[in-house]
Protein chains: 2
Amino acid sequence: MTVTASALTAAPAARRRVSMIITGGTVVTMDAQRRVIESGAVAIDGTTIVGVETADAIARNFVARDTVRADGAVVMPGLINTHGHAAMVMYRGLADDLALMEWLQKYIFPAEGKTVSPELVRVGTRLAALEMIQSGTTLYTDMYYFEDEVAKATKQAGMRGVLGQSVIGFPVADAKTPADALARADRFMEAYRNDPLIVATVAPHSMYTLDAASLQATRDLARKYGVPLLTHLAETETEVKDSQAAHQMSPAAYFESLGFWDTHAVAAHFVHISDEDIALLRKHEVGLSHNPESNMKLASGAAPLAKCLKAGLAVGLGTDGAASNNDLDMFEAMRQAAFLHKLVDRDPTVASAETVLEMATIGGARALGMADKLGSLEPGKLADVIVVSMQSARQTPLYHPISHLVYVTRGDDVRTTIVNGRVLMRDRRMLTLDPAVVLREARAMAKAVKAAVDGVAAQAQSSVAR
Amino acid sequence: MTVTASALTAAPAARRRVSMIITGGTVVTMDAQRRVIESGAVAIDGTTIVGVETADAIARNFVARDTVRADGAVVMPGLINTHGHAAMVMYRGLADDLALMEWLQKYIFPAEGKTVSPELVRVGTRLAALEMIQSGTTLYTDMYYFEDEVAKATKQAGMRGVLGQSVIGFPVADAKTPADALARADRFMEAYRNDPLIVATVAPHSMYTLDAASLQATRDLARKYGVPLLTHLAETETEVKDSQAAHQMSPAAYFESLGFWDTHAVAAHFVHISDEDIALLRKHEVGLSHNPESNMKLASGAAPLAKCLKAGLAVGLGTDGAASNNDLDMFEAMRQAAFLHKLVDRDPTVASAETVLEMATIGGARALGMADKLGSLEPGKLADVIVVSMQSARQTPLYHPISHLVYVTRGDDVRTTIVNGRVLMRDRRMLTLDPAVVLREARAMAKAVKAAVDGVAAQAQSSVAR
């Protein structure tokens, strides 16, 4: 046996034993220097990232119980979805291409009114989690009913969630009054205090569906638990007009007048905000969630993204619920954000691939107030990591990985999804959820949804006939 | 043995022997009645569709040598891409998010200037064909150089192509002058006259890159062979302004003044056209190709789609070249068209799922003047058929197949692609192209492209240093 010089220098003095090494791919770190490491590797110990370097350097310093090969792939932070209503996957494609009020009144409200239940939320959240894990989302944000069911399903799937119990000013499936919903939220937040995966919070629906006292009560609740307050902001022109009429203020200014922004909040949509609103949101360090697909499909408008980014606001990306998207694929959200703002601003340099990738990772973490722990691959951060294949015809040739991640990659290219150091999907095989069971349950539940909507249609038909 | 009544009635008198039956899926015909047949089937004999009915009816009337199962899938016409530059896949992701002139002058022109060759066109077209077959495109439209190489590669892949030899007013890789290009086009069109898969034609680049006589010569050539004339129209505001300055007319009106529209033409982009232009294009029955992704990514603008459809124009959908998209996936083009026009028109009812699916199938066939043979599943039409899986989490639940085709389906969901009765991909396995070889050749060729662009960058760097 010949001992070569390189074997001598490579001889490990004392390599640290870790739980996992992901090696051989191009590591897109999204760290402060935006390092992209070709033939890189990530070392994970337990729930935490402990090394992000070249594959050679990691091999010199660490030895792992489990090695994930990432050849021909990108290794990157898991995607962060900053706004949505997971269980609404049960209503995806139920009705499309309708005026907002017709869509809501003939389909979504009747369907929700007749079918929202703990069981629907459980089945829908599991379906959503399956889709999200399969498309590389590791942390998602939710606003819905029976949020304790959402949390249970999310934990079973192994995902991370910022989950907001909805509070809204009219009777809904899980609360007759805002006071009921607040009490429910308080119990929920108490139950999940310090959970390793779930941030349990409260989600006041909007400034136009709640009175001032209820809005302030949600703020107090979020502050009590030190969690982000989730709401919708300035989604439609109507909301802004109505706010001006009722309060002589924009929605953002009205929220400010109530002291609503005096705790960390995340506002979704922000389509119709003024320059003054942007300054105000910046002052209060409100996190923003941009939802380009929903805003386009519902014809709400285009958020002033470039201005918000220029003002230094923390902006994440969201899909919104699948009833208005119709999927939960963050790669599609990235592509759409990049396309939309180039068109609207008539400037092909805005919403660059790197900018939208930031929004889907570290930007989302900033918006949620979790950038110290998530959003990039760096030692000390939690191990939410995805491996994304770059081998398809569609991804060939490969000149720049970040361009390809945004412009030609689909959720289905995600090969492996890891949350908190645990592998949820490996080489497309799901480890925490059984897809056959999840899909079967969802299809069965869909029959009830269909019957509810058809019932409403039949009723409308017969009342016309009379 | 008991003979039941149903067995008696089902006993086939004389079933017709055919080459193939695709059965068990939901058949989305796109015929004049827009029939959607659950548990439907399509019978194909040779190159032609001979039956489109319920699976039971087809089983009663036909017996096939080969049966394709389509359970849990949609069976539909192959997608028709009405505009693009296939070989430009070699430049995809080479540079993005740049102002148009910087992108062209620093990247695309140098790359093309140094690397366009018969070999690059061959390798690029094969890569494009692989991507298109894998994503359900059965007929595509092309405008590029060395179009004879494009035709060869297209035939080898088994696809259908409307392929236009480029004619442009400055020296390019395959022609020093428009006269050279015209002569090349004539030879090309003669060689492929009456080809079962290839419509060989000529593609004058645009009204601003060619003189009047050359434009008229291309028209004469298209008329001589009875094929559609391909060009770009009103893609940017600059084009329209320059046309007004030079000719005191819009691009569409200038073309008309030359008699350019006196033969069947297909105009791509039509972003900046007026109501008068729309009337004029309608009068001359010009086919239109809408390219929403390219128009957004290059910040060109939004074509007046709703107006054109209302005027009765034949509008197809296109991807444009992958350098400005960056993929050739017609499902993405459909989704983008649906989203874009809802936003721009601030109306969620425009560009419905059915409308954009029409554009990608029968509308494209109409625009190309081939609707008598293609674009829908009907007896007597050519057998260009795809089978699209509807089984993913993303596609669950399934309330309306057409909504799902547009809003949640990806090219990768296409399971089987059939052109002219020949199976090109079956259950994701490619039968006419070897993906490993195609990708290897493309990656090798990409090195030359990268070197050419890096050379230009280095040159620019050193001239700055001097």
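Residues numbered from 1 in each chain as written. Chains lettered and ligands numbered in written order. Predicted model: local features only at pLDDT ≥ 70, side-chain atom pairs only at ≥ 80, totals over all residues. Heavy atoms only, no water.

1. Examining the pairing of strand β12 (residues 287–290) of chain B
Residues and elements named next belong to chain B.
- Neither face of β12 is exposed, since Gly287 and Ser289 on one face and Leu288 and His290 on the opposite face are all buried.
- Here strand β11 (residues 265–269) pairs with β12 via 3 bridges, running parallel. Bridge pairing in β12 links Ala267 to Leu288.
- As defined by bridge partners, β12 adjoins strand β13 (residues 315–317) across 3 bridges and the pair is classed as parallel. (Buried < 20%, exposed > 50% of the residue type's maximum accessible area, 1.4 Å probe, protein only. Helix = DSSP H or I, 4+ residues; strand = E, 2+ residues; numbered from the N terminus. Pairing = 2+ DSSP bridges.)

2. As for the nonpolar core
- Counting 279 residues, the largest nonpolar core has A:Tyr91, A:Trp261, A:Leu281, B:Tyr91, B:Trp261 and B:Leu281 as its most contacted members.
- Setting aside its immediate chain neighbours within four residues, A:Trp261 contacts A:Leu233, A:Ala252, A:Phe255, A:Glu256, A:Ala267, A:Leu280, A:Leu281, A:His284 and A:Val286. (Core = buried A, V, L, I, M, F, W, Y, C linked by side-chain atoms within 4.5 Å. Contact = heavy atoms within 4.5 Å.)

3. Quick notes on helix α10 (residues 275–283) of chain A
Residue and element names in this part refer to chain A.
- Regarding α10, the residues found buried are Asp277, Ile278, Leu280 and Leu281. All buried residues of α10 project into a common sector of 165 degrees when viewed along the axis, lining one side. Projecting away from the buried face of α10 at angles above 90 degrees are the exposed residues Glu276 and Lys283.
- Along its buried surface, α10 packs onto β10 (229–233), α9 (251–257), β12 (287–290) and α12 (305–310).
- In the segment just after α10, Glu285 is the residue with positive phi, at about 50 degrees. (Arc of directions from axis to C-beta.)

4. Structural notes on the domain arrangement of chain A
Residues and elements named next belong to chain A.
- Assigned domains within chain A: domain 1 (14–77 + 381–428) and domain 2 (79–367).
- Summarising the inter-unit geometry, the C-alpha centres of domain 1 and domain 2 are found 29 Å apart.
- Taken together, the contact pairs 27 residues of domain 1 with 30 residues of domain 2.
- On the domain 1 side of the contact with domain 2, Met30, Val406 and Tyr407 bury the most area, a combined 27% of that side's loss. (Domains from an automatic or database assignment. Buried area = accessible area lost by both parts, 1.4 Å probe.)

5. Regarding the relation of the copies chain A and chain B
- Between chain A and chain B, the superposition needs a rotation of 180 degrees and an axial shift of 0.0 Å, giving an RMSD of 0.0 Å. Those values place the two copies in the arrangement expected of a two-fold rotation axis.
- A share of 100% of the interface residues of chain A reappears at the interface of chain B, consistent with the copies meeting face to face through the same patch. (Least-squares fit on C-alpha atoms with pLDDT ≥ 70 in both.)

6. Topic: the side chain of A:Thr417
All names here are of chain A.
- Examined against the element boundaries, Thr417 turns out to sit in strand β15 (residues 414–419).
- Engagement of the side chain of Thr417 in a polar contact is seen with the backbone oxygen of Ile133, the distance being 2.9 Å.
- Those residues within four positions of Thr417 in sequence are excluded, and the remaining contacts are Ile133, Gly136, Thr137, Thr138, Val385, Ile386, Arg422, Val423, Leu424 and Met425. (Polar contact = N/O pair within 3.5 Å; in protein donor to acceptor, adjacent residues only side chain to side chain.)

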